Structure formats: C-alpha cells, structure tokens
Amino acid sequence: MVCPWNKFASPSGEPDFAVRNGLDDVTLVELFSWTEEQFEKNLAGSAIHRIGYERWLRNLAVGLGNTPSSDAVIAALRAYAGYPSGLMREHVSWALGRHGVKDEG
C-alpha cells in the first residue's frame, strides 16, 4: 500500500508467499498475549522466530503504542509494565505514554 511499485503487483499463487502462522486475522493485543511457548510453537521456522520472544514483544509494544487507544490496548501494555527485561519495560512505558497513560510499573 505504501510502495509505489506495488500498484503494479498482483497476488502470487506461489505457496511460499501465502500467509502462514495465522498472523493475518489476529489483533496486536492477541499477539502480545502469546506466551513464549505459543511464540515458539506458532512461529518456529519463520523469519519472525529468529528475532526471539523478547524482541517480538518489544516490536508489538511499539505497534501497540502506535495503534488507536482502547481499554484492551492499555490493559495489554500494563500487563507487561513490570516485565523483567529493561528493554521491554522501556518500550511498554513509551507505548503507555503514547496513549496518555502514566506507567506505574
């Protein structure tokens, strides 16, 4: 949608380009709630899996920080406010701030 060259593209019938892992019909809040075991099971063998669970969560926190505010988004972020990783706490705090919520974690 943002690449000017994509307006000339058409969907491919090539199986390698088909949506996998059920990521096409799930919300960011749902993905953010995945446990590490769900991450491992659902994304094994994918390029996303190579970044690891913590960076997956960090990227989702950034996405949630840029999505419209809702009670579900804020609750999901608050659930990770006390996460052991400083990387995650920093990104969750930033995301909460984007929604006008003071991080209490």
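Fair warning: this is a prediction, and the values are worked out from it, not measured in the lab. (Residues numbered from 1 in each chain as written. Predicted model: local features only at pLDDT ≥ 70, side-chain atom pairs only at ≥ 80, totals over all residues. Heavy atoms only, no water.)

### As for the overall build of the chain
- From N to C terminus, the chain includes five helices and zero strands.
- For the chain, the spread of C-alpha atoms along the three principal axes comes to 50 × 30 × 20 Å.
- Across the 105 residues that make up the chain, the buried fraction comes to 26%.
- Contacts spanning at least 24 positions in sequence make up 56% of the contacts within the chain whose residues lie at least 6 apart.
- Accessible area of the chain: about 7,200 Å², with a carbon and sulfur share of 53%.
- Of note, the chain has its 10 positive side-chain charges centred 7 Å away from the centre of its 13 negative side-chain charges. (Helix = DSSP H or I, 4+ residues; strand = E, 2+ residues; numbered from the N terminus. Buried < 20%, exposed > 50% of the residue type's maximum accessible area, 1.4 Å probe, protein only. Contact = heavy atoms within 4.5 Å. Areas by Shrake-Rupley, 256 points an atom, 1.4 Å probe, with all protein chains shown as cover. Lys, Arg positive; Asp, Glu negative; His and termini not counted. Charge placed at Lys NZ, Arg CZ, Asp CG, Glu CD.)

### Thoughts on the packing of helix α3 (residues 53–65) against helix α5 (residues 86–98)
- At a closest axis distance of 8 Å, the pairing of α3 and α5 adopts a crossing angle of 10 degrees. Between α3 and α5, the angle falls in the class roughly parallel. Mapping the contact onto sequence places E54, R55, L57, R58, A61, V62 and G65 in α3 and L87, M88, H91, V92, W94, A95 and R98 in α5. (Axes fitted to C-alpha atoms, helices over the stretch in contact; angles between N-to-C directions. Parallel < 35°, antiparallel > 145°, perpendicular 65-115°, else oblique.)

### A few points about the packing of helix α4 (residues 71–79) against α5
- Where α4 meets α5, the axes come as close as 9 Å, and the angle between the chain directions of the two elements is 155 degrees. Between α4 and α5, the interaxial angle falls into the category roughly antiparallel. Crossing of α4 over α5 shows left-handed handedness. Within the contact between the two elements, α4 uses I74, L77 and R78 and α5 uses V92, A95 and L96.
- Its residues assigned to classes, the contact of α4 with α5 shows five nonpolar, no polar and one charged. (Left-handed = near helix turned anticlockwise from the far one by under 90°. Nonpolar A, V, L, I, M, F, W, Y, C, P; charged D, E, K, R; others polar.)

### Remarks on the environment of E37
- Here E37 lies in helix α2 (residues 36–43).
- For the pair E37 and Y53, spaced 16 residues apart in sequence, the C-alpha separation works out to 9.3 Å.

### Regarding the nonpolar core
- Counting residues in each nonpolar core, the largest one holds 22 residues, and the members touching the most others are F32, W56, L57, L77, Y80 and V92.
- Going through the elements one at a time, α1 (28–32), α2, α3, α4 and α5 are the ones with two or more residues in this core.
- When residues of this core are assigned to their parent elements, the largest contribution, six residues, is made by α3.
- Setting aside residues up to four positions removed in sequence, L57 forms contacts with F32, Y80, Y83 and M88. (Core = buried A, V, L, I, M, F, W, Y, C linked by side-chain atoms within 4.5 Å.)

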